[in-house]
Amino acid sequence: MRARRVLRLAGRRAALAVPLVLLVSVAVFALAAASPFDPLDAYLRDQGDRFTEAQRAELRERLGLDRAWPGQWWSWFTDLLHGHLGESRSYGEPVTQVLAERLPWTLLLGACGGLVAIVLAFVLGAWAGLRRGGLVDRTLSAVAVVLQSIPPFVLVLGTVLLFALTLQWFPASGLTDPGEPISVSSTVRHLVLPAIVLGLTQLPWLLLGLRQTVTAHLGGDAVRGARARGLPWHVIAFRHVLPMSIAPFLTLCGARLPELLVGATVVETVFAWPGVGDATVNAARALDFPLLAVLTVLTTAVVLLGNLCADAAGILIDPRIDADG
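This is a predicted model, so every value here is computed, not measured.

Caption draft 1: Inspection of the overall build of the chain at higher detail. The secondary structure content of the chain amounts to 13 helices and two strands. Summarising its shape, the C-alpha atoms of the chain cover approximately 85 × 50 × 35 Å along the three principal directions. Residues classed as buried in the chain amount to 40% of the 325 residues present. Split by element, the accessible area of the chain, about 17400 Å² in all, is 67% carbon and sulfur. Both charge centroids of the chain, one from 26 positive and one from 24 negative side chains, sit 18 Å from each other.

The structure is reproduced here in structure tokens:
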């Protein structure tokens, strides 16, 4: 029964996701056309003065920049249907190769950063909620509010300054030290600080959200009935309150996925982490719209998939959740 509800939910979300993803791709090319910058100048960089107007016109035609943006989008879309994602002008290689080289590193950073945020938020949020009004609750809530008010790039730069440059506990950037080959030990050492920082950028919302859910369930009729029956506190906390709080927490995790992707972009840029987020920034700077369109569509699809997985997990855990809602 629950699996059937999940399948219905997935079908409805897929029916909405397809036109939404197409609309996002159209918006990328429309905004590109409205940009005051010339993609050809970005492509030529500082060598633009070496080309004559005839050479620039020929190059513009070869790159497809002489067409109106609806024609550029249609060409990109038809190539996409045939499995060709286009050529990245900023990297000088196929978009598929750019993704193959960078997507695994983004998945690694995102998974580790998300795991840090979820584990810390669940432990600390549950602790604060179960001890509502106490010293632990007040301290964690205050720290979360302060951390939430700090812009992600300020937090990332401050962390690099303190732990990488001043204390020198962690490397400041990259996958390896200069001149060294990529290895597991070197990658892990360079991954620790970016993953922790990425997790901290998502921690406040998750912690405060779980704390609010736990405190709400503590005041519910089910918990009052359990206390009236004389059940021990640890049974009430770990068998009643926390299980009821898992489904809303998972939904909140799915809702925060867009912010996780934004945070990953900032972290990758500051730490020179060779992932998709760093490629997105480079593509935007270079007006590399074939690559930027694919990355934007991919990001949208990941967000939609993450929200679907969070809602599906909530249905499987708590049968009271309505998939039609």
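Caption draft 2: Region of the structure containing the pattern of salt bridges. Taken as a whole and assessed by the stated rule, the structure comprises two salt bridges. The salt bridge involving D278 is made with R102; its shortest N-O contact spans 3.4 Å. Here D278 is found in helix α12 (residues 276-285), whereas its partner R102 is found in helix α5 (residues 95-130), with 176 residues between them in sequence. Its relative accessible area of 14% is what places R102 among the buried residues.

Caption draft 3: The environment of V156, seen in detail. Its location among the elements puts V156 in helix α7 (residues 152-166). Separated by 60 residues in sequence, V156 and T96 have C-alpha atoms that sit 30 Å apart. Apart from residues lying up to four places away in sequence, V156 is in contact with V197, V266, V267, V270 and F271.

Caption draft 4: Spotlight on the nonpolar core. In this structure, W76, V95, L99, L291, V294 and L295 are the most contacted members of the largest nonpolar core, which totals 22 residues. Per-element tally for this core: the top contributor is helix α13 (residues 289-317), with seven residues. Both domains that meet at this core, namely domain 1 (1-93) and domain 2 (96-287 + 302-317), each give it at least three residues. With residues near it in sequence (within four places) discarded, L291 still touches S88, S90, Y91, V95, V98, A279 and A283.

Caption draft 5: Molecular detail of the UniProt feature "transmembrane region" (unreviewed entry) in the chain. This chain's UniProt record puts "transmembrane region" (unreviewed entry) on residues 105-130, 142-170, 190-210, 231-250 and 289-310. In residues 105-130, helix accounts for 100% and strand for 0%; the two terminal C-alpha atoms are 37 Å from one another. With 100% helix and 0% strand, the stretch residues 289-310 has end C-alpha atoms that lie 31 Å from each other.

Caption draft 6: Region of the structure containing the side chain of T215. The residue T215 is located in helix α8 (residues 184-218) in this model. A distance of 2.8 Å separates a polar atom in the side chain of T215 from the backbone oxygen of Q212. Setting aside residues up to four positions removed in sequence, T215 forms contacts with G129 and R132.

Caption draft 7: Spatial organisation of helix α4 (residues 69-81). For α4, spanning 13 residues, the distance from its first C-alpha to its last is 18 Å, which sits close to the expected 18 Å at 1.5 Å a residue. All of the buried residues in α4 are W73, W76 and F77. Considered in projection along α4, the buried side chains sweep an arc of 100° and stay on one side of the axis. Phi for G83, located one or two positions after α4, is positive at around 85°.

Caption draft 8: Focus on the domain arrangement of the chain. The assigned domain composition of the chain is domain 1 (1-93) and domain 2 (96-287 + 302-317). Look at where the C-alpha atoms of domain 1 and domain 2 centre, and you get two points 31 Å apart. Listed as interface residues are 20 residues of domain 1 and, on the opposing side, 20 residues of domain 2. The tally of links from domain 1 across to domain 2 stands at zero salt bridges. Our count for the contact surface shared by domain 1 and domain 2 stands at three residue pairs in polar contact (both at pLDDT 80 or more).

Caption draft 9: Focus on the packing of aromatic side chains. A full pass over the atoms with the stated rule returns seven aromatic pairs. Geometrically, the ring pair formed by F163 and W169 is tilted, given 5.7 Å between the ring centres and 45° between the ring planes. Since its relative accessible area comes to 26%, F163 is described here as partly exposed. One aromatic cluster is present, formed by W73, W74 and F77 through successive ring pairs.

The rules behind the values
Residues numbered from 1 in each chain as written. Predicted model: local features only at pLDDT ≥ 70, side-chain atom pairs only at ≥ 80, totals over all residues. Heavy atoms only, no water. Helix = DSSP H or I, 4+ residues; strand = E, 2+ residues; numbered from the N terminus. Buried < 20%, exposed > 50% of the residue type's maximum accessible area, 1.4 Å probe, protein only. Areas by Shrake-Rupley, 256 points an atom, 1.4 Å probe, with all protein chains shown as cover. Lys, Arg positive; Asp, Glu negative; His and termini not counted. Charge placed at Lys NZ, Arg CZ, Asp CG, Glu CD. Salt bridge = Lys/Arg side-chain N within 4 Å of Asp/Glu carboxyl O. Contact = heavy atoms within 4.5 Å. Core = buried A, V, L, I, M, F, W, Y, C linked by side-chain atoms within 4.5 Å. Domains from an automatic or database assignment. UniProt positions renumbered as here; feature names shortened; annotations may be inferred. Polar contact = N/O pair within 3.5 Å; in protein donor to acceptor, adjacent residues only side chain to side chain. Expected span 1.5 Å × (residues − 1). Arc of directions from axis to C-beta. Phe/Tyr/Trp six-rings, centres within 6.5 Å; stacked < 30°, edge-to-face > 60°.

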